[in-house]
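Here's the letter readout for the chains.
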Amino acid sequence: MPPLYSFAVLTVSDTSASSGPSTDTSGPHIRRTLESHPSDSFRCSVHAIVPDDEGEIRGKVEEWIDEMGVDLVVTTGGTGFGVRDTTPEAIQPLITRPTPALTHALTAHSLSKTPLAALSRSISGIRTRGGKGGSGSGSGSLIVTLPGSKKAVSECLEVLLENGVLLHALELCTGKGSGKETHRQLQGGQHDRHAHAHAHAHGTETDTGGARSHHHHHHHGGGGHHPPRPRTTQAQRDAAASRFLTPHDASSPHSLALRARQSPYPIIELDDALRLIATQAPEASAVVELPVNPELVGHIIAEDVRAPSDLPPAATSNVDGYAVRAGETGEEEYEVVIPGRTKQLAHGSQVCRVNTGQALPAGTDSVVMVEDTTLISTHELEDGRVEESRVQVLAQVDKGENVRAAGSDVKQDQVVLRANTPITSLGGEVGTLAFLGLQKVKVWKKPRVAVLSTGEELRDIHAQSSKMEGSSSANASGWSHSSYDTNRPSLLTSLNALGYPTLDLGIVRDDPPSALLEAMRRGLAEADVLITTGGTSMGESDWIKPLLERSEGLLAQGEGEQGRAQVHFGRVSMKPGKPTTFATIAGGEGRRKKVIFALPGNPASALVCFYVFVLPALRKMAGLVPREHEAQGVQEEGKGQQVPNPWSLPMVRVRLAHEFACDGSRPEFHRVHIAAASEQRGGSALLPSAAESGSSLSLPVLTATSTGKQRSSGMHSMSGANGFVFVPSTKQLAGAGMGEGVKKLEKGTEMWGMLLGGLEI
Ligand SMILES: Nc1nc2c(c(=O)[nH]1)N[C@H]1C(S)=C(S)[C@@H](COP(=O)(O)OP(=O)(O)OC[C@H]3O[C@@H](n4cnc5c(N)ncnc54)[C@H](O)[C@@H]3O)O[C@H]1N2
Ligand code: MOO
């Protein structure tokens, strides 16, 4: 199937903006022409009308590209010599890669029709994802500014659509498709050499080693099931859908039958989804002072932590022995005194017994170790214990020997923990705070996360009648069997372990949606992040997306504001997790923006998407500093891309322990166990064997083994998993020049793996 491009149309006209859309003929013309193009490659995401106002024009186009991720923006109007004509000025700053030849082609064709075309100031260009600040070589969106007249628009569209100019331009700049198809058409079937050069679609790792060869033996963990795909063509579906464009409206009694038969949410690429989360999730904003205890784990320290006093506070013995004054204590016999029992040491005849960590008595400056003395005589105490009386010192010590000077571990006011240090579960940071004697520490307040499971069929394992119903005939609610609620336990476990405060909203029936709405309102009022699972797809009670977008008062607002959420994306090209939805809602005056993740109901999908999408948002909101250095590292390797979300979990290089099957169309997060290859090591516990330390060392450092069948409906593919391997789709492999028909990654291939926790499990 050819790639589908989303486009947006902007009509720039003072008249249409003030007197209504009926006066706009060019905008609808662009939309119709592109949507009815025989290639079936264009889908209109949005059409708006703005006055000739530079800021408004730029704002719209920027939002459409940077936030909605549309592939193409076509504007009409505002390109002439009139004083109000400002479209080129509005668009110019958005362009990261000008396309003067495309502009020239449009102008040349228009000039062949009328010399007045010389008065057009139209421009065109590419806006790289991430805008001006983004890297210059990533995928991008095309912007074309056309004149306002319908005739001029028609002429320009002819140029764009003839010979596949626009299609090919979009293939190349968006990175969708291989570029081969159109290029072949244009070149009369010649072999396309540069398709390889521009097919690094979306930073997908395609270093598949020997993946080109093709064996047909059993493969691990592929699941082997065919993902559901509609059997109709896009054109058939569009034609059918246009009869009932009624959106899925929770308040309408007709809404079920009249639900849109196509999801209105464009499927966006994974990188774009991660970028949207990186930009839309709010930063940590509140600092709290918390007691120093194990519950600090996962918090980020908000300000430099300074030592309140010198440590050790006074000169302290480093050994068990006898404190002396160096130079005055020779190799002779001495009377032993006990600190605290004698006020003053009579130098020349006494030494003072000290233990490791004990302060030196006044007048002493060094310590003779017990090992460097012999016992001469003892005496008996009243309680019967025997005490040293005299020892002989066998060795001289230098001044300061075996002594930790005051402040030599830590000086008063020295910064011991820097702001932005994460407090880990490894104990080092909590230990350091305790070492300094601090009872409290200032940290960024963590986001509170509300978790909600939706579905008529779900049962809590602890509920009174939690016995699974199962029968061949449907029960009262229409479900022939129920399922145990898996998603709340899995998500709450991970959230608790990571130290995020949670709010358990339970299981909520999704039909009718009023209870669901109520639970969502409570979650948004009491928590910073709401995670729902289920109800994200096309089923009859999949209300979540319409509820988010349509329900007013989801969150208390200032006057005149409606409190509806803004859905940033509703589908992502990935497996599992396609219907993952990300939304935010402004929190009224002075209040914080709230974040909503509606995860798919399938248990493996929900937990995978938690790690891939929700955690990066939580990590940003918790005050974690983005991993810039990692982004730079990736750039240095020549990948030329900023990581889409620097709060994502770390990626490690892994070697595949066996072959991995590829999905036909969606890249897959294959659940794996990532292990250090220590079982392959010889040598001692700590040192590598002689063979390994040679330059020929070629053992893999980390290996990835599938957890087994990868169906989204089976939770157990996540059991024992501590990572994901990102397996490109066959389409992506073909697009990246790895050859048509490659359906698997071979054993031994090196890939990137996302590490979810440590390597210990
Ligand atoms: N016509 C289409 N159908 C589906 C599509 C599609 O594109 N078109 N996408 C499929 C994909 S991919 C996924 S993933 C699921 C997502 O489904 P929903 O998010 O709408 O979830 P539900 O329909 O409510 O449930 C799906 C499945 O998961 C079970 N479930 C739900 N919640 C839980 C829970 N808390 N614990 C355990 N199991 C749960 C539920 O019983 C269903 O079996 O949609 C496909 N369909
Ligand atoms: O594959 Mo769906 O996207 O998560 O089951």
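Residues numbered from 1 in each chain as written. Chains lettered and ligands numbered in written order. Predicted model: local features only at pLDDT ≥ 70, side-chain atom pairs only at ≥ 80, totals over all residues. Heavy atoms only, no water.

- Where an unreviewed UniProt entry is consulted, the chain appears under the name MoaB/Mog domain-containing protein, with the organism given as Jaminaea rosea.
- Quoted verbatim from the Pathway (unreviewed entry) field of UniProt, the annotation for the chain is "Cofactor biosynthesis; molybdopterin biosynthesis."
- Quoted straight from UniProt, the Cofactor (unreviewed entry) entry for the chain says "Mg(2+)". (UniProt positions renumbered as here; feature names shortened; annotations may be inferred.)

### Examining the sheet that holds strand 15 (residues 373-380)
So, point 1. The strand order 14-11-13-12-16-15 describes an open sheet built from six strands, whose pairing is mixed. Sheet topology places strand 14 (366-369) and strand 15 at the edges, where each strand pairs with a single neighbour. The mean angle between the axes of side-by-side strands here comes to 40°, regardless of whether they run parallel or antiparallel. (Pairing = 2+ DSSP bridges. Helix = DSSP H or I, 4+ residues; strand = E, 2+ residues; numbered from the N terminus. Axes fitted to C-alpha atoms, helices over the stretch in contact; angles between N-to-C directions.)

### Here's the deal with the nonpolar core
Note that soluble globular proteins tend to have their nonpolar side chains buried in a common cluster.
So, point 1. Counting 45 residues, the largest nonpolar core has Phe597, Phe610 and Phe613 as the members making the most contacts within it.
So, point 2. The set of elements that each furnish at least two residues to this core consists of helix 10 (270-280), strand 20 (449-454), helix 12 (487-497), strand 24 (529-533), strand 28 (594-599), helix 15 (603-621) and strand 33 (723-727).
So, point 3. At 13 residues, helix 15 tops the list of elements feeding residues into this core.
So, point 4. When residues of this core are assigned to domains, at least three map to each of domain 3 (267-283 + 446-629) and domain 6 (651-755).
So, point 5. Beyond its immediate chain neighbours, meaning those up to four positions away, Phe613 contacts Leu270, Ala273, Leu274, Ile277, Phe569, Val572, Met574, Thr580 and Phe597. (Core = buried A, V, L, I, M, F, W, Y, C linked by side-chain atoms within 4.5 Å. Buried < 20%, exposed > 50% of the residue type's maximum accessible area, 1.4 Å probe, protein only. Domains from an automatic or database assignment. Contact = heavy atoms within 4.5 Å.)

### Digging into the site of ligand 1
So, point 1. Near ligand 1 lie 22 residues; those nearest to it are Glu457, Asp485, Thr486, Thr536 and Ser537.
So, point 2. At 3.0 Å from an oxygen atom of ligand 1 is found a side-chain nitrogen or oxygen belonging to Lys578.
So, point 3. A distance of 3.3 Å is found between an oxygen atom of ligand 1 and a backbone nitrogen or oxygen belonging to Asn602.
So, point 4. Of all the elements in the fold, those that place two or more residues in the shell around ligand 1 are strand 20 and strand 22 (483-484). (Near = heavy atom within 4 Å. Polar contact = N/O pair within 3.5 Å; in protein donor to acceptor, adjacent residues only side chain to side chain.)

### Thoughts on the packing of aromatic side chains
So, point 1. Going through the model one piece at a time under the given rule, you end up with nine aromatic pairs.
So, point 2. When the ring of Tyr611 is compared with that of Phe724, the centres are 6.5 Å apart and the planes differ by 70°; the resulting orientation is edge-to-face. Taken together, the residues Tyr611 in helix 15 and Phe724 in strand 33 connect sequence positions 113 residues apart.
So, point 3. For Phe724, a relative accessible area of 1% gives the class buried.
So, point 4. Put simply, the rings of Phe610, Tyr611, Phe669, Phe724 and Phe726 touch in pairs and so form one group of aromatic residues.
So, point 5. Lys446 extends its terminal NZ or CZ atom over the ring of Tyr500, reaching a point 3.9 Å from the ring centre.
So, point 6. Sitting above the plane of the Trp752 ring, Arg653 keeps its charged end 5.1 Å from the centroid. (Phe/Tyr/Trp six-rings, centres within 6.5 Å; stacked < 30°, edge-to-face > 60°. Lys NZ or Arg CZ within 6 Å of the ring centre and 35° of its normal.)

### Some remarks on the pairing of strand 28
So, point 1. For strand 28, the tally of buried residues reaches six of six residues, placing the bulk of the element in the interior.
So, point 2. What you see with strand 28 is no split at all: Lys594, Ile596 and Ala598 on one side and Val595, Phe597 and Leu599 on the other are buried throughout.
So, point 3. Relative to strand 28, strand 27 (residues 581-585) runs antiparallel, the two being bridged by five bridges. Counterpart to Ile585 in the pairing with strand 28 is Lys594.

### Description of helix 13 (residues 514-526)
So, point 1. Taking 1.5 Å of rise per residue, 13 residues should cover 18 Å, and helix 13 covers 18 Å from first to last C-alpha, within 8% of that figure.
So, point 2. Listing the buried residues of helix 13 in full gives Leu516, Leu517, Ala519, Met520, Gly523 and Leu524. The arc enclosing the buried residues of helix 13, seen along the axis, measures out at 165°, which places them on a common side.
So, point 3. Close packing links the buried residues of helix 13 with strand 20, strand 23 (502-508), strand 24, helix 14 (544-550), strand 27 and strand 28. (Expected span 1.5 Å × (residues − 1). Arc of directions from axis to C-beta.)

### Concerning helix 2 (residues 26-35)
So, point 1. When helix 2 is considered as a whole, its buried residues turn out to be Ser26, Gly27, His29, Ile30 and Leu34. Considered in projection along helix 2, the buried side chains sweep an arc of 165° and stay on one side of the axis.
So, point 2. On the buried face of helix 2, the contacting elements are strand 1 (5-12), strand 2 (42-50), strand 3 (72-76), strand 6 (140-146), helix 6 (150-161) and helix 7 (165-174).

### Observations regarding the sheet that holds strand 20
So, point 1. Pairing within the open sheet is mixed, and its six strands lie in the order 23-20-24-28-27-25. One side of each edge strand has no neighbouring strand; the edge strands of this open sheet are strand 23 and strand 25 (566-569). Ignoring which end each strand starts from, the neighbouring axes of this sheet average 20° apart.
So, point 2. Bridging between strand 20 and strand 23 involves five bridges; their strand directions are parallel. Across the sheet, residue Thr454 finds its bridge partner in strand 23, namely Val508.
So, point 3. This element, helix 10, spans strand 25, strand 27 and strand 28 of the sheet and lies at about 140° to strand 25.

### Thoughts on the packing of helix 5 (residues 100-113) against helix 6
So, point 1. Orientation of helix 5 relative to helix 6, taken along the N-to-C sense of each, is 125°, at an axis distance of 9 Å. Classed by the angle they form, the pair helix 5 and helix 6 counts as oblique. As helix 5 runs across helix 6, the sense of the crossing is right-handed. Taken together, the residues of helix 6 that come into contact with helix 5 (itself represented by Leu102, Ala105, Leu106, His109, Ser110 and Lys113) are Lys151, Glu155, Cys156, Glu158, Val159 and Leu160. (Parallel < 35°, antiparallel > 145°, perpendicular 65-115°, else oblique. Left-handed = near helix turned anticlockwise from the far one by under 90°.)

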